Amino acid sequence: MSRTIRLSIYVLVVLSAVLLIVACAGGQKEAAPQKLSIWINGRDSFIGPNEQQLPQDQWYISQAIKRFEEANPGVTIELIVQADAFQAHQTFRTAGLAGNAPDMANLWSGMFTFPLAEVITPINDKIPKEDREQLSGWETVTVDFKEGNPILGYPTPDNQMCFFLYNKKIIQEVGLDFEANPPRTIEDFYAALEKIKNAGYIPIAVDEAADGYPYYFFQIAAYWWVQQNGIEPILAEDRGEANFADDQALLTALRVYHEIWAKGYMNEDAATSSDSWQKFLQGKVAMAPRVPSFINDAQNALGVENVGAIIPPDISPTAKIKNGTIGGPGQDIVIAKNSKYVDTAIKFMSFLNSKDEVLRYYKTQTKVPIRKDLTMADLGLEPGSIGAKLFEWSQNYIFWVDNSLSAPVVDDFSKLLPLVLTGKMTPEELAAQLDKDKGK
């Protein structure tokens, strides 16, 4: 074969390859734009109390969305804040039935989410293997908490818990030391509250009817209820297999709940107030039951060195569960059945739970991650710090009672508790009403 022929063949081969590449490039189409929307709770979730005072583009969740969009060209996510986290569940159901729900919604987990299954996309077969293995809390988004049932979403990245934040300056002033000797019995707890009261301070401040849902002392009372006999008797009552009216653990917890208010250990207007947290931040209150999203706010107002945390005292020396508190992954993110972008939504939920994002999230709020592969060292927690205590408490918590009960029961439980608190309803009357709610 002559040199000229070989050269011609070579040129043709190269030209063909170039034309093929051009043709392929010309045939490739850019991925179609995807615009998703997400509802985020305005309370106790991704938007901490202190963040709410900042422009929206400075919120952690806004910045996380931006990072996800940058990593996924063509994808945009619209953030919509739901101010009423309780009402958001019914709003989501209505929107889902109408076919115009947001692609994703941040809801309360467990029994708040399960009744919405008809408007939620199950994701059992779409969860990445690593997420299944590295995240805890999957039972809180699995219908009826039973393995094998539809999984309705992802737990949010944090294990929320309810505990008492306290003002160290006040506690020290009245001669108490909650760091070395926190009250672990009801008797010791009452004695401490009496000292604080006699010194002229409000021992505990709460808003038990704010936004139509009590915050947060009722969660302490719920813990006292469960810790006496465990959660199973309560679930049996909820199913109608036993009576709330016969539950002595419930009646005992409610009596203590009321007694603390009646003895003057709580702000007198607890059933109507909405400013208890501000009173704590102003140094007028010794203790406030709260969840982790409030820690940074307290430390910014009072100083890191002046904010402490303790778990509730045990209600009885014979309690089945001791030295714990109430908590768990109390919120989730679900995908609406009307969403066109299920795979992208799952990718986003997985992104929020990734190790890098969880560490970023932790810098904005003192949280306990649900990732199993993060240690106290990874989180930079100093021994004795509130964050370190939360990490330890997360190993021994009771899952939220309100997230475990059926909607009619928990609805009346939460709405009527302020009446029990102030003595306008007896524990027996509330228990009788819960029995009427069963099976609705």
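Structure: see above.
Residues numbered from 1 in each chain as written. Predicted model: local features only at pLDDT ≥ 70, side-chain atom pairs only at ≥ 80, totals over all residues. Heavy atoms only, no water.

In this structure, what is going on with the overall build of the protein chain? I would like to understand it.
Of regular secondary structure, the protein chain possesses 16 helices and 11 strands. With the principal axes as the frame, the protein chain shows a C-alpha extent of 110 × 50 × 35 Å. Counting every position in the protein chain, which comprises 440 residues, the buried fraction comes to 55%. Counting only contacts in the protein chain whose residues sit at least 6 apart along the sequence, the fraction spanning at least 24 positions is 75%. (Helix = DSSP H or I, 4+ residues; strand = E, 2+ residues; numbered from the N terminus. Buried < 20%, exposed > 50% of the residue type's maximum accessible area, 1.4 Å probe, protein only. Contact = heavy atoms within 4.5 Å.)

Just checking my understanding: could you explain the side chain of Ser-62 for this structure?
If you trace the backbone, Ser-62 turns up in helix H2 (residues 60-71). Of the residues examined, Ser-62 reaches a relative accessible area of 16% and is grouped as buried. Apart from residues lying up to four places away in sequence, Ser-62 is in contact with Gln-56, Asp-57 and Leu-79.

What am I meant to see in the pairing of strand E5 (residues 160-167) here?
Looking along a regular strand, one sees the side chains alternate between the two faces of the sheet. Of all eight residues that make up E5, eight are buried, and the element is covered over most of its length. Across three bridges, the pairing between E5 and strand E9 (residues 325-328) is antiparallel. In the sheet register, Cys-162 faces E9, and the bridge partner there is Ile-326. In the sheet, E5 pairs with strand E7 (residues 285-290) via four bridges, with the strands oriented antiparallel. For Leu-165, the partnering residue across the bridge sits in E7 and is Ala-288. With four bridges joining them, E5 and strand E8 (residues 307-310) adopt antiparallel strand pairing. From the neighbouring strand, Phe-164 faces E8, where its bridge partner is Ile-310. (Pairing = 2+ DSSP bridges.)

I tried to follow unusual backbone geometry on my own but got confused; where do I start?
Glycine aside, residues mostly have negative phi, and peptide bonds are mostly found in the trans state. Positive phi, normally seen in glycine, also occurs at Asp-144, with a value near 60°. By the element assignment, Asp-144 lies in the loop between helix H4 (129-134) and strand E4 (153-155). Phi at Asn-323 is positive, roughly 55°, even though this residue is not glycine. You can see Asn-323 is positioned in the loop between E8 and E9.

All we've got here are geometric facts, nothing functional implied.
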